[in-house]
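Read off the chains here:
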Amino acid sequence: MMQNELSPNPIRTDRSNYFAWNTMKHRFPANIREVISSNPELTHIERDQLEHLAEQAESGALIPPPPLPSWDYELWMDAYRRHPGERWDAAQWFYSETYGYRLVLDACRYWEHHRDPYKYIKLSEYEADTVFSVIRAYMDTDTSDPEQSLLYALHAALLGNKSDLSFSSRSRGLENIGTLDHDMMVINDGPACAEKLAKAGGPVHIILDNTGGE
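These figures come from a predicted structure and were not determined experimentally.

Trainee: What is the right way to look at the overall build of the chain in this model?
Mentor: When you go through the chain residue by residue, the secondary structure sums to 9 helices and 0 strands. Written out in order from the N terminus, the α and β elements of the chain read α-α-α-α-α-α-α-α-α. Considering only contacts within the chain whose residues lie at least 6 apart along the sequence, 63% involve residues at least 24 apart. Entry remark: accessible area of the chain is about 13,800 Å², with carbon and sulfur atoms responsible for 57%.

Trainee: When you look at empty space enclosed by the protein in this model, what are you seeing that I'm missing?
Mentor: One water molecule sets the probe size; rolling that probe over the atoms shows where empty space is left. This structure, assessed with the given rule, holds 2 cavities of 30 Å³ or more. The volume enclosed by the largest cavity comes to roughly 50 Å³. What lines the largest cavity is N39, E41, L42, C108, H113, R115, D116 and P117.

Trainee: Before we go on, may I ask you to explain the nonpolar core in this structure?
Mentor: Note that soluble globular proteins tend to have their nonpolar side chains buried in a common cluster. Residues F28, I32, L50, L53, W88, Y99 and V104 are the most contacted members of the largest nonpolar core, which totals 23 residues. At the level of elements, α1 (18-38), α2 (44-59), α3 (73-81) and α4 (93-107) are the ones that each hand at least two residues to this core. The contact partners of L50, leaving out residues within four places of it in the chain, are I32, V35, I36, L42, V104, A107 and C108.

Trainee: I'm lost on the pattern of salt bridges in this one. Help?
Mentor: Note on pairing: side chains with opposite charge can pair once their charged atoms come close. Tallying each qualifying case throughout the model produces 9 salt bridges. With a shortest N-O distance of 2.8 Å, E51 and R33 are connected by a salt bridge. Here the residue E51 occupies a position in helix α2, and R33 occupies one in helix α1, the gap between them amounting to 18 residues. Relative accessible area serves as the criterion here: at 24%, E51 is assigned to the partly exposed category. Note on R33: relative accessible area 28%, which makes it partly exposed. One salt bridge connects D116 with K122, and the closest N-O pair in it is separated by 2.7 Å. Looking at D116, the relative accessible area reads 29%, which means it is partly exposed. Each of R33, E51 and E58 takes part in a single network of salt bridges with overlapping partners.

Trainee: Where do I start with the side chain of T23 in this structure?
Mentor: Mapping T23 onto the fold places it in helix α1. The exposure class of T23 is buried, given its relative accessible area of 2%. For T23, the side chain forms a polar contact with the main-chain oxygen of F19, separated by 2.8 Å. Residues within four places of T23 in sequence aside, it is in contact with F28, P29, W93 and E97.

Trainee: For this particular structure, what's the right way to read the packing of α1 against α2?
Mentor: Packed helix pairs are specified by the crossing angle of their axes together with the interaxial distance, meaning the distance between the axes. The contact between α1 and α2 brings their axes to 8 Å, and the two run at 170°. What the angle tells us is that α1 and α2 run roughly antiparallel. Note on element contacts: α2 touches α1 through R47, L50, E51, L53, A54, E55, A57 and E58, opposite M24, K25, F28, P29, I32, R33, V35 and I36. Among the residues making up the contact of α1 with α2, the classes are represented as 10 nonpolar, no polar and 6 charged.

Trainee: Quick question: what am I supposed to make of a nonpolar patch on the surface here?
Mentor: On the surface, L197, V204, I206 and L208 cluster together to form a nonpolar patch covering roughly 450 Å² of accessible area. Mapped onto the fold, L197 is located in helix α9 (residues 190-198).

Trainee: Sorry, what's going on with α1 here?
Mentor: The periodicity of an α-helix, 3.6 residues per turn, causes residues three or four places apart in sequence to face the same way. For α1, spanning 21 residues, the distance from its first C-alpha to its last is 28 Å, which sits close to the expected 30 Å at 1.5 Å a residue. Along α1, the largest kink reaches about 40° and is centred on M24. With a side-chain oxygen lying 3.2 Å from the backbone nitrogen of F19, the N-terminal cap of α1 falls on N17.

Trainee: Is there a simple way to explain the packing of aromatic side chains in this structure?
Mentor: Each pair of aromatic rings is reported with the distance of its centres and the angle of its planes. Evaluation of the coordinates by the stated rule reveals 9 aromatic pairs. Residues F28 and W88 carry aromatic rings whose centres are separated by 6.0 Å and whose planes lie at 40° to one another, so their mutual orientation is tilted. Of the two residues, F28 is situated in helix α1 and W88 in the loop between α3 and α4; the sequence distance between them amounts to 60 residues. Of the two residues, F28 and W88, neither departs from the other in class, the shared state being buried. A ring pair is formed by Y95 and Y99, whose centres lie 5.7 Å apart and whose planes are at 10°; its orientation type is stacked. With Y95 and Y99 both in helix α4, this residue pair falls 4 residues apart, about one helical turn. The rings of F28, W88, Y101 and Y118 are connected pair by pair, giving a single aromatic cluster.

Conventions adopted
Residue positions are given per chain, counted from 1 along the sequence in the order it is written. Reporting of local features is limited, given that this is a predicted model, to residues whose pLDDT is at least 70; pairs of side-chain atoms are given and counted only at 80 or more, and all residues count toward the totals for whole chains, interfaces and linings. Think of the side-chain values as coming from all heavy atoms in the structure, minus any hydrogens and water. Think of it this way: any DSSP run of H or I at least four residues long counts as a helix, any run of E at least two long counts as a strand, and we number them from the N terminus. Every residue pair with non-hydrogen atoms within 4.5 Å of one another is taken to be in contact. Using a 1.4 Å probe, accessible areas were evaluated by the Shrake-Rupley method; residue-level cover was limited to the displayed protein chains. With a 1 Å grid laid over protein atoms only, a set of points is called a cavity when a 1.4 Å probe fits there but cannot get out and a pocket when it is open yet has protein on both sides within 12 Å along at least five of seven lines; lining residues have an atom within 4 Å of a point. Grid points are joined across faces, edges and corners, and a volume is the space filled by probe spheres set on the points. Among the buried residues, those of types Ala, Val, Leu, Ile, Met, Phe, Trp, Tyr and Cys that are joined through side-chain atoms within 4.5 Å form a nonpolar core. Relative accessibility thresholds used throughout: buried, under 20% of the residue-type maximum; exposed, over 50%; partly exposed, between the two (1.4 Å probe, protein chains only). Note on definitions: salt bridges are taken to be side-chain nitrogens of Lys or Arg within 4 Å of carboxyl oxygens of Asp or Glu. Side-chain atoms alone can form a polar contact between residues adjacent in sequence; in general such a contact is a pair of N or O atoms within 3.5 Å, and within protein one must be able to donate a hydrogen while the other accepts it. Axis definition: a line fitted to C-alpha atoms, limited for helices to the stretch in contact. Angles are taken between N-to-C directions and run from 0 to 180 degrees. Oblique is the label for every angle not falling under 35 degrees (roughly parallel), over 145 degrees (roughly antiparallel), or within 65 to 115 degrees (roughly perpendicular). For this classification, Asp, Glu, Lys and Arg are treated as charged, while Ala, Val, Leu, Ile, Met, Phe, Trp, Tyr, Cys and Pro are nonpolar and the rest, including Gly, are polar. By definition, no residue in a patch forms a salt bridge, and every one has over 30% relative accessible area; like charges are joined within 9 Å, nonpolar side chains (Val, Leu, Ile, Met, Phe, Trp, Tyr) within 5 Å. Expected helix span is taken as 1.5 Å per residue step, with the number of steps being one fewer than the number of residues. A residue's bend is the angle separating two fitted axes: one through the seven residues that end there, the other through the seven that start there. Pairing of aromatic rings covers Phe, Tyr and Trp, the last counted by its six-membered ring, and requires centre-to-centre distances within 6.5 Å; plane angles under 30 degrees mean stacked, over 60 mean edge-to-face, and any other angle means tilted.

Here it is as structure tokens:
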């Protein structure tokens, strides 16, 4: 597929974009090691595979081809061929991050036993009451105005996004539950979104992604 001439260049994991570079250099390996430390069911082979993947991402090694056997081999091989010779620290960000988490599933042998490698990380949030603290913070506000109620819901979703499992609990925003750091918003379309939703003339579909504080 040809890229539109007006489209921006894809974000890459080199130092041209600090967030993408930091994601693959530090966050991704840290997430893998959190999977290792939180999963007692992992075998020593699975742990070694995961650690190897973390070390490869940290060192900026060549991104490996998709392993066999796998049910989605052709899908990922097609993507892999469109990024020849790319390294973890010099690749298209969306491709490398998505593919990296696919390799995590393979290293955990997810397709054999279907155990969620992030299960214990998610459960720790529920047990810490994080999710319900966020909900209570917004339930305590005055929501008699429909548009204002929708705005609170949008803000709660934004806080959920801030608590991405890819970050540590400190940087997820979980220490100051109920705050949104309004001064840190680059763009705030909340009022316009709430007004549009309140006047929606048809069904509104809400797609839920991930779990826990997210």
